[in-house]
Amino acid sequence: SGLFSWHPFLMTLSFSFLMTEALLLFSPDCSPLQRFSYKVKGRYHWILQSLAATGAVLGLAAVFYNKYLNNKLHFTTWHGLIGVSAVLCAAAQSLGGVSLLYPKLVKAWSLAKLKRYHATSGLVVYLLGCTSLLLGMCSLWFTTAVHSLGWYLASLCPALCALVIMNQVTSSYVAKKRFQ
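From a predicted model like this one, the values you see are computed outputs, not experimental measurements.

K.L.:
How do you make sense of the packing of aromatic side chains when you look at a structure like this?
P.N.:
Here a ring pair, both rings aromatic, is described through the centre-centre distance and the interplanar angle of the planes. Counting across every chain of the model gives eight aromatic pairs. Summarising the aromatic geometry, the rings of W6 and F9 are spaced 5.8 Å apart at their centres and angled 80° between planes, so their arrangement reads as edge-to-face. With a gap of three residues between them, W6 and F9 both fall in helix α1 (residues 6–24), about one helical turn apart. By relative accessible area, W6 is classed as partly exposed at 46%. Ring pairing ties together the aromatic residues F4, W141 and F142, which thus form one cluster.

As structure tokens, this is what we get:
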């Protein structure tokens, strides 16, 4: 109910739900928009990623301001360092996605190459977010709130999502390039 509680809520919403759903839009197996064109999927992806990046920035601002109010040091744990890296990279990745909306802005690279780089760097950002989320689950705040089996089930969610997204991106982009 305090300022700090917005941090885990917004970060979990951003990285675990919005970003995961944005990436799964392109899955040939489980996309809710499977029948839509690639362009429509791209627009929904852009909207969900924008919401995820906004939520992540707001979650970072909440914890930053909470630490400021309580005179605590910032980014002193692996969770904090990887988390701020994930948010900064997500913001940069969002800006990089603009080149896919307007490929004529980047004339030196083909659209296929832009998509491949965007997908693989997006995977790295997503994995950073999942790693930070898992490290946050090891924090004193989380381990006092969630005990035993609940902790294991909660930690299984980002780990399984990361595996699904890694499989999707590598089979869609990385594996294709290897055979070309």
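The rest of the description comes next.
K.L.:
Looking at this structure, how should I read helix α3 (residues 78–101)?
P.N.:
For an α-helix the count is 3.6 residues per turn, leaving residues at separations of three or four pointing the same way. Spanning 24 residues, α3 covers 34 Å between terminal C-alpha atoms, matching the ideal 34 Å at 1.5 Å per step. In this fold, the buried residues of α3 make contact with α1, α2 (38–69) and α4 (111–137).

K.L.:
I tried to follow the UniProt feature "transmembrane region" (unreviewed entry) in the chain on my own but got confused; where do I start?
P.N.:
Residues annotated in UniProt with the feature "transmembrane region" (unreviewed entry) correspond here to residues 6–26, 46–65, 77–102, 123–143 and 149–169. Structurally, residues 6–26 is divided into 90% helix and 0% strand, and its ends, taken at the C-alpha atoms, are 30 Å apart.

K.L.:
I'm lost on the nonpolar core in this one. Help?
P.N.:
The nonpolar side chains of soluble globular proteins are, as a tendency, buried together. In this structure, M11, F15, M19, L60, V87, Y126 and I165 are the most contacted members of the largest nonpolar core, which totals 22 residues. Elements that contribute at least two residues to this core include exactly α1, α2, α3, α4 and α6 (148–179). Ranked by residue count, the leading element in this core is α1, at six residues. For M19, the contacting residues outside a window of four places in its chain are S14, Q49, A52, A90 and Y126.

K.L.:
What exactly am I supposed to notice about a nonpolar patch on the surface here?
P.N.:
Residues L3, W6, F9, L13, F17, Y65, Y68 and L69 make up a contiguous nonpolar surface patch of roughly 830 Å² in combined accessible area. At the level of elements, α1 and α2 are the ones that each hand at least two residues to the nonpolar patch. With a relative accessible area of 33%, L13 lands in the partly exposed category.

Criteria and cut-off values
- Residues numbered from 1 in each chain as written.
- Predicted model: local features only at pLDDT ≥ 70, side-chain atom pairs only at ≥ 80, totals over all residues.
- Heavy atoms only, no water.
- Phe/Tyr/Trp six-rings, centres within 6.5 Å; stacked < 30°, edge-to-face > 60°.
- Helix = DSSP H or I, 4+ residues; strand = E, 2+ residues; numbered from the N terminus.
- Buried < 20%, exposed > 50% of the residue type's maximum accessible area, 1.4 Å probe, protein only.
- Expected span 1.5 Å × (residues − 1).
- Contact = heavy atoms within 4.5 Å.
- UniProt positions renumbered as here; feature names shortened; annotations may be inferred.
- Core = buried A, V, L, I, M, F, W, Y, C linked by side-chain atoms within 4.5 Å.
- Patch = residues over 30% accessible without salt bridge, like charges linked within 9 Å, V, L, I, M, F, W, Y side chains within 5 Å.
- Areas by Shrake-Rupley, 256 points an atom, 1.4 Å probe, with all protein chains shown as cover.
- Salt bridge = Lys/Arg side-chain N within 4 Å of Asp/Glu carboxyl O.

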